Amino acid sequence: MERPRRLRSPLLRPLVAEVELSPRHLILPLFVKEEGEKEPIPSMPGVFRYPLKELSQVAEEALRAGLGGVILFGVLPESAKDPLGRGAYAEDGVVQRALSLLKKAFPELLLIADTCLCEYTDHGHCGVVRQGPLGFYVDNDATLELLARTALAQAQAGADVVAPSAMMDGQVRAIREALDRGGYTHVPILSYAVKYASAFYGPFREAAASAPQFGDRSGYQMDPRAGLWDALREAHLDDLEGADLLMVKPALPYLDVLFALKGRLAKPLFAYQVSGEYAMLKAAALSGYLEERRAVLETLYALRRAGAQGILTYYALEAARWLGEG
């Protein structure tokens with residue numbers, strides 16, 4: 001009789017385990033604003049918008065925890081936004097200032113910059129909006145120039161990695177060419193290669209004040225109903241255009257996609273455990289429906305098992321502490 005339980009004894013379980021999870025696999029998303037006080041995000045208990053003056057404290061905490069790095073998202077007041085999202089690529093933009101501050105204070109901390117326009121446009125879309133016969137649309141090619149300018153400004157400010165998330169066709173190529181021309185051939189691109197038009201982004205849009213003011217983003221983000229062919233095409237295109245790392249977003253609803261890409265692409269794969277995933281786990285834990293530590297770590301192990309070498313998660317600091325406690 002076969003007895004799989006023989007390998008589940010306390011002494012053998014660690015020896016035969018294949019999936020490793022450590023703080024270095026985790027990347028902490030940070031919301032950065034210019035001034036004011038640290039501000040809680042109601043739909044994401046435990047997550048805050050940090051003013052520049054308090055950013056060093058959480059960065060130092062991430063470094064002490066042994067995290068793989070942080071990724072920065074800018075938050076602007078509505079009065080500072082405009083149709084072209086100029087705050088994204090301004091030399092003194094909030095993310096550029098944050099990058100410069102953190103790179104000087106913590107040169108050993110990996111800094112990733114989210115490269116998009118939605119947090120900076122007054123309409124909340126990820127590019128230049130035009131009017132057509134069927135209503136509004138995002139002008140793909142006009143947006144490429146602005147994304148390239150944003151990535152270059154971020155690299156100049158100290159970003160170790162730029163991460164385009166706008167889902168514009170050709171964005172990786174445009175950014176790679178701009179970085180190379182600007183003398184930043186060493187700066188890698190982490191592409192949001194497979195990014196779905198998901199219901200799980202709701203809390204993020206509150207946190208970053210980036211909800212579309214009209215319509216939605218289904219015209220450029222991927223359809224959850226599409227087959228694997230769509231994910232493979234997007235990932236292969238970004239691979240060919242020069243992406244150094246590829247990401248799937250959201251994470252848990254697309255484990256099948258992550259696993260399929262792992263066997264087909266010779267690039268490191270990342271997954272983003274997005275705001276809605278965090279909010280569900282946190283709400284269930286606060287209500288007593290789930291044991292938070294076990295549930296969160298189980299989801300992170302699932303992402304590692306499916307092929308994620310890096311995981312963006314709002315639980316990064318807590319998970320690092322739990323892992324340290326054994």
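For the structure, see preceding data.
The paragraphs below set out a description of the structure included in this document. Not measured: the values here are computed from a predicted model.

## Some thoughts on the overall build of the protein
Then step 1. Along the backbone of the protein there are eleven helices and twelve strands.
Then step 2. Relative to the 2.2 N^0.38 estimate, which gives 20 Å for 326 residues, the radius of gyration of the protein is 20 Å and therefore close to what a compact globule would have.
Then step 3. Here the C-alpha coordinates of the protein stretch approximately 70 × 45 × 40 Å along the principal axes.
Then step 4. Here the analysis covers contacts within the protein between residues at least 6 apart in sequence; of these, 74% occur between residues at least 24 apart.

## With respect to the pairing of strand E8 (residues 161-164)
Then step 1. By the alternation rule, side chains of E8 split into Val161 and Ala163 and Val162 and Pro164, which are all buried.
Then step 2. Direction of pairing for strand E5 (residues 111-115) relative to E8: parallel, over a ladder of four bridges. Within the sheet, the bridge partner assigned to Thr115 lies in E8 and is Pro164.

## Remarks on the state of the cysteines
Should the sulfur atoms of two cysteines be covalently bonded, the bond is a disulfide.
Then step 1. Following the criterion strictly, the structure yields zero disulfides and no others.
Then step 2. For Cys116, which is in no disulfide, the shortest distance to another cysteine sulfur is to Cys126 and amounts to 3.7 Å.
Then step 3. Residue Cys118 stays outside any disulfide, its sulfur separated by 4.0 Å from that of Cys116, the closest cysteine.

## Concerning helix H3 (residues 94-105)
Then step 1. Counted at 1.5 Å a residue, the expected span for H3 with its twelve residues is 16 Å, and the 17 Å between its end C-alpha atoms agrees.
Then step 2. Packing partners of the buried residues in H3 comprise strand E1 (26-33), helix H2 (55-65), strand E4 (69-74), E5 and helix H4 (140-157).

## Re the pairing of strand E10 (residues 245-249)
Every regular strand shows the same layout, with side chains that alternate between the two sheet faces.
Then step 1. Among the five residues of E10, five are classified as buried, and the element is accordingly described as predominantly covered.
Then step 2. The alternating pattern of E10 places Leu245, Met247 and Lys249 and Leu246 and Val248 on opposite faces, both of which are buried.
Then step 3. With four bridges joining them, strand E9 (residues 190-195) and E10 adopt parallel strand pairing. Across the sheet, the residue bridging to Lys195 is Lys249, located in E10.
Then step 4. Sheet topology places E10 next to strand E11 (residues 269-273); three bridges connect them, and they run parallel. Each residue of the ladder has a partner; that of Val248, found in E11, is Ala271.
Then step 5. As a crossover connection, the stretch from E10 through helix H8 (residues 255-262) into E11 is right-handed.

## As for the nonpolar core
Then step 1. In terms of nonpolar packing, the biggest core is built from 110 residues, with Phe31, Leu55, Leu72, Val194, Leu261, Tyr272 and Leu300 touching the most fellow members.
Then step 2. If we ignore the near neighbours within four places in the chain, the residues touching Leu55 are Leu30, Val32, Tyr50, Ala98 and Leu102.

## A short note on the pattern of salt bridges
A side chain of one charge can pair with a side chain of the opposite charge if their charged atoms are brought near each other.
Then step 1. Taken as a whole and assessed by the stated rule, the structure comprises 21 salt bridges.
Then step 2. Among the ionic pairs, Arg130 bridges to Asp139, the shortest N-O distance being 3.0 Å.
Then step 3. By relative accessible area, which is 35% here, Arg130 ends up partly exposed.
Then step 4. In this structure Asp139 comes out as buried when scored by relative accessible area, which is 17%.
Then step 5. Note that Arg176 and Asp244 form a salt bridge whose closest N and O atoms lie 3.7 Å from each other.

## A closer look at the packing of H2 against H3
Working note: a packed helix pair is described by the angle between its axes plus the distance between those axes.
Then step 1. In the contact formed by H2 and H3, the axes pass within 11 Å of each other and the chain directions differ by 55°. When the interaxial angle is binned, H2 and H3 end up oblique. Our pair here, H2 against H3, has a crossing hand that is right-handed. For the pair H2 and H3, contact is made by Leu55, Ser56 and Ala59 and by Ala98, Leu101 and Leu102, respectively.
Then step 2. Looking at side-chain class alone, the contact of H2 with H3 contains five nonpolar, one polar and no charged residues.

## Quick notes on helix H7 (residues 228-241)
Then step 1. Look at H7: 20 Å from first C-alpha to last across 14 residues, which is about the 20 Å you get at 1.5 Å a residue.
Then step 2. Every buried residue belonging to H7 is among Asp230, Ala231, Leu232, Glu234, Ala235, Asp238 and Glu241, and all of these are buried.
Then step 3. The elements touched by buried residues of H7 are helix H5 (171-181), E9, E10 and H8.
Then step 4. Just past H7, the residue Gly242 takes up positive phi, approximately 115°.

## A word on a positive patch on the surface
Then step 1. A cluster of basic residues, Arg3, Arg5, Arg6, Arg8 and Arg13, forms a positive patch on the protein surface.
Then step 2. Tracing the backbone through its elements, the reader meets Arg3 in the segment before helix H1 (13-16).

What counts as what
- Residues numbered from 1 in each chain as written.
- Predicted model: local features only at pLDDT ≥ 70, side-chain atom pairs only at ≥ 80, totals over all residues.
- Heavy atoms only, no water.
- Helix = DSSP H or I, 4+ residues; strand = E, 2+ residues; numbered from the N terminus.
- Rg over C-alpha atoms; globule rule 2.2 N^0.38 Å.
- Contact = heavy atoms within 4.5 Å.
- Buried < 20%, exposed > 50% of the residue type's maximum accessible area, 1.4 Å probe, protein only.
- Pairing = 2+ DSSP bridges.
- Disulfide = S-S within 2.5 Å.
- Expected span 1.5 Å × (residues − 1).
- Right-handed = clockwise from strand over helix to strand, strands pointing away.
- Core = buried A, V, L, I, M, F, W, Y, C linked by side-chain atoms within 4.5 Å.
- Salt bridge = Lys/Arg side-chain N within 4 Å of Asp/Glu carboxyl O.
- Axes fitted to C-alpha atoms, helices over the stretch in contact; angles between N-to-C directions.
- Parallel < 35°, antiparallel > 145°, perpendicular 65-115°, else oblique.
- Left-handed = near helix turned anticlockwise from the far one by under 90°.
- Nonpolar A, V, L, I, M, F, W, Y, C, P; charged D, E, K, R; others polar.
- Patch = residues over 30% accessible without salt bridge, like charges linked within 9 Å, V, L, I, M, F, W, Y side chains within 5 Å.
- Areas by Shrake-Rupley, 256 points an atom, 1.4 Å probe, with all protein chains shown as cover.
- Lys, Arg positive; Asp, Glu negative; His and termini not counted.
- Charge placed at Lys NZ, Arg CZ, Asp CG, Glu CD.

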